[in-house]
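Descriptive structure summary
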Amino acid sequence: MPDLRVIADRLQRVLSRAQEDRSEREDLVDGPDGVECGWAAHERSEMWKAVNALRADQGRPAVSLDDVVQVERQASGHSDYSRKFAFYCAELAQR
């Protein structure tokens, strides 16, 4: 598997592409911590799919959406949220 930084860069591109759609996903949906914007759920879902695609490429079992929620919470509130979320997801991909 590639270096952790390479994987994090790849996942940050996935997140960035998902973030481009925010204006199209302003509806409110149920999230892990209550009601949230649809774009937040979409971005989390895209990261979950990307992490599991990387894991599948390595013959590893899928992680749960709850695993992605947990690392997203770790990144929340940071000025470099996107980078941290991508990095923590990269760690999930290699776990």
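Residues numbered from 1 in each chain as written. Predicted model: local features only at pLDDT ≥ 70, side-chain atom pairs only at ≥ 80, totals over all residues. Heavy atoms only, no water.

1. A few points about the overall build of the chain
Along the backbone of the chain there are four helices and two strands. In sequence order, the chain lays out its α and β elements as α-β-β-α-α-α. Since a compact globule built from 95 residues should have a radius of gyration of about 12 Å, the 13 Å found for the chain is in line with a globular shape. For the chain, the C-alpha atoms occupy an extent of roughly 35 × 25 × 20 Å along the three principal directions. Within the chain, the proportion of its 95 residues that are buried is 35%. In the chain, once contacts between residues fewer than 6 apart in sequence are set aside, the share between residues at least 24 apart is 59%. (Helix = DSSP H or I, 4+ residues; strand = E, 2+ residues; numbered from the N terminus. Rg over C-alpha atoms; globule rule 2.2 N^0.38 Å. Buried < 20%, exposed > 50% of the residue type's maximum accessible area, 1.4 Å probe, protein only. Contact = heavy atoms within 4.5 Å.)

2. Re the pairing of strand 2 (residues 34-37)
In the sheet, strand 1 (residues 28-31) pairs with strand 2 via four bridges, with the strands oriented antiparallel. Across the sheet, the residue bridging to V29 is E36, located in strand 2. (Pairing = 2+ DSSP bridges.)

3. Overview of helix 4 (residues 81-94)
The end-to-end C-alpha distance of helix 4, which contains 14 residues, comes to 20 Å, matching closely the 20 Å that a straight helix rising 1.5 Å per residue would cover. For helix 4, the complete set of buried residues consists of Y81, F85, A86, Y88, C89, A90, L92 and A93. Contacts made by the buried residues of helix 4 are with helix 1 (4-19), helix 2 (38-57) and helix 3 (65-75). (Expected span 1.5 Å × (residues − 1).)

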